[in-house]
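The chain contents come next:
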Amino acid sequence: MSRQNFYKTTALAFAMMFGSAAANAAPTELVVAHALSATSHYAVGAEAMNADLAKRSNGKFKLTQSYGGSLGGERELAEGTQIGTVDLAIISTGPVGNFVPDTLILDIPFLFSSYEHAHAVLDGPIGQKLLDKFPEHGLHALAWGENGFRNLTNNVRAVKEPADVHGLKIRTMENPIHIEAFRTLGILPTPMAFTELFTALEQGTVDGEENPIGVILSANFADVQKYLSLTQHIYSPAVILIAPSVWDGLSEEERSWFLESAKAGVKAMREKVRSDADNGVAILRDKGMKVVDDVDTASFQTALQPAFDEFSKKFGKDNLDAIKNFKQ
Ligand code: EAX
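For clarity, every value in this text was computed on a predicted model and none was experimentally measured.

Procedures and definitions
- Residues numbered from 1 in each chain as written.
- Predicted model: local features only at pLDDT ≥ 70, side-chain atom pairs only at ≥ 80, totals over all residues.
- Heavy atoms only, no water.
- Helix = DSSP H or I, 4+ residues; strand = E, 2+ residues; numbered from the N terminus.
- Buried < 20%, exposed > 50% of the residue type's maximum accessible area, 1.4 Å probe, protein only.
- Contact = heavy atoms within 4.5 Å.
- Areas by Shrake-Rupley, 256 points an atom, 1.4 Å probe, with all protein chains shown as cover.
- Lys, Arg positive; Asp, Glu negative; His and termini not counted.
- Charge placed at Lys NZ, Arg CZ, Asp CG, Glu CD.
- Core = buried A, V, L, I, M, F, W, Y, C linked by side-chain atoms within 4.5 Å.
- Near = heavy atom within 4 Å.
- Polar contact = N/O pair within 3.5 Å; in protein donor to acceptor, adjacent residues only side chain to side chain.
- Nonpolar A, V, L, I, M, F, W, Y, C, P; charged D, E, K, R; others polar.
- Axes fitted to C-alpha atoms, helices over the stretch in contact; angles between N-to-C directions.
- Parallel < 35°, antiparallel > 145°, perpendicular 65-115°, else oblique.
- Left-handed = near helix turned anticlockwise from the far one by under 90°.
- Salt bridge = Lys/Arg side-chain N within 4 Å of Asp/Glu carboxyl O.

Focus on the overall build of the chain
So, point 1. Along the backbone of the chain there are 13 helices and nine strands.
So, point 2. In the chain, which comprises 328 residues, the proportion classed as buried is 52%.
So, point 3. The long-range share in the chain, meaning contacts at least 24 apart out of those at least 6 apart in sequence, stands at 75%.
So, point 4. By element, 53% of the accessible surface of the chain is carried by carbon and sulfur atoms, the whole surface being about 14,600 Å².
So, point 5. Mean positive and mean negative side-chain charge positions of the chain (30 and 40 charges, respectively) differ by 3 Å.

This is the structure:
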């Protein structure tokens, strides 16, 4: 056997031995944490991300879920990724503005006119510019996910127009934009972590809350809420966070895997959100909720004008118009 063939044969033997060992090596397991249930859109998104990543990395990475807020509410999950006690998290933008203030512009009521409009903005240059803001605040965002259009539930009365919400004690996310908007409507806003919300509704600590249909369904709020009003008053993005300590340890190729797998997760999340929005109201009616599906949206927008004026000063009318008028 020539020297050259000897080296080739030896190299091939090593590649087969170590290659197969590498292929059989235990995957690096990372936990994706969120506050929703195992049947929710966040869970569906996390599983889709896991399946894509396992395939793309040839089994090198495996994502498992910690759901139901077992690792904390959404603010705690964001903090956990900052300090590295949480590997990845899927959370709504609710508390994110406390970490990355520039994202608060996304939480303005009636800013987005449709899911397609929201996706075009978030998946385009405006969304990317906001994602690029996360690292300077100790966070790292892989992609914008989706929570959905938020609707009001409560135990006091059917809500069709602004006068109907006066004096209601409504749980809000820990988000200053939401709190200011709800105060403008005469609501008594009560910021609270999602993990405390079901008990607060059950005990009557608050009269109501507001969430996308998928959250109202997967959190069984029909068990503790009588009225649902399809206000669609805020589009709620979600965000897929990865701990900077995890991200920094990845190679360029591995980072590309995570970015592509996050897109697969977002696609699945958005499909589940739409399915819940399209099919969930009938289910909630069957569970006994009294549904107002002819909300006077225009009157809510008029009543919110003082808050809109404040938001225009705070974020700049040009920036708001750039989002409102964004065309894909
Ligand atoms: O992110 O806190 C909330 O109402 C959120 O919509 C929920 O946790 C899903």
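Re the nonpolar core
So, point 1. Core analysis: the biggest nonpolar cluster contains 52 residues, and Ile 108, Phe 112, Phe 134 and Val 239 have the highest contact counts within it.
So, point 2. Not counting the four nearest positions on each side in its chain, Phe 134 is found in contact with Val 96, Val 100, Thr 103, Leu 139, His 140, Ala 141, Trp 144, Val 239 and Leu 241.

Comments concerning the site of the ligand
So, point 1. In the region of the ligand, the neighbouring residues are Leu 36, Tyr 42, Glu 74, Ser 92, Asn 147, Arg 150, Arg 171, Met 173, Phe 194 and Asn 211.
So, point 2. In the environment of the ligand, an oxygen atom lies 2.9 Å from a nitrogen or oxygen atom belonging to the side chain of Arg 150.
So, point 3. Contact distances for the ligand include 2.6 Å between an oxygen atom and a side-chain N or O atom of Asn 211.
So, point 4. Computed on the free molecule, the ligand has an accessible area of 270 Å², of which 99% lies beneath the protein chains in the complex.
So, point 5. Taken together, the residues of the shell around the ligand sort by class into four nonpolar, three polar and three charged.

A short note on the packing of helix α4 (residues 115-122) against helix α10 (residues 252-286)
Each pair of packed helices can be described by the angle between their axes along with the distance between the axes.
So, point 1. Contact pair α4 / α10: the axes reach a minimum separation of 12 Å and the direction vectors enclose 160°. As the angle between them shows, α4 and α10 are arranged roughly antiparallel. By crossing handedness, the relation of α4 to α10 is classed as right-handed. Here Tyr 115, Glu 116, His 119 and Leu 122 of α4 lie close against α10, whose contacting residues are Arg 270, Val 273, Arg 274 and Ala 277.
So, point 2. Residue classes in the contact of α4 with α10 are distributed as four nonpolar, one polar and three charged.

Examining helix α6 (residues 176-184)
Every α-helix winds through 3.6 residues per turn, so residues three or four apart in the chain are directed the same way.
So, point 1. If you check which residues of α6 are buried, you get Ile 177, His 178, Ile 179, Ala 181 and Phe 182.
So, point 2. Close packing links the buried residues of α6 with β4 (141-154), β5 (169-172), β6 (188-191), β7 (208-211), β8 (227-242) and α12 (305-315).
So, point 3. Measuring from the side-chain oxygen of the N-cap residue of α6 to the backbone nitrogen of Ile 177 gives 2.9 Å; that N-cap residue is Asn 175.
So, point 4. Two residues or fewer after α6 comes Gly 186, characterised by a positive phi angle close to 85°.

As for the pattern of salt bridges
So, point 1. Per the counting criterion, the structure on display carries 14 salt bridges.
So, point 2. Arg 270 is the partner of Asp 123 in a salt bridge, and the nearest nitrogen-oxygen pair spans 2.7 Å. Taken as a pair, Asp 123 in the loop between α4 and α5 (125-131) and Arg 270 in helix α10 lie far apart in primary sequence, 147 residues in all.
So, point 3. On the accessibility criterion, Arg 270 (11% relative accessible area) is buried.

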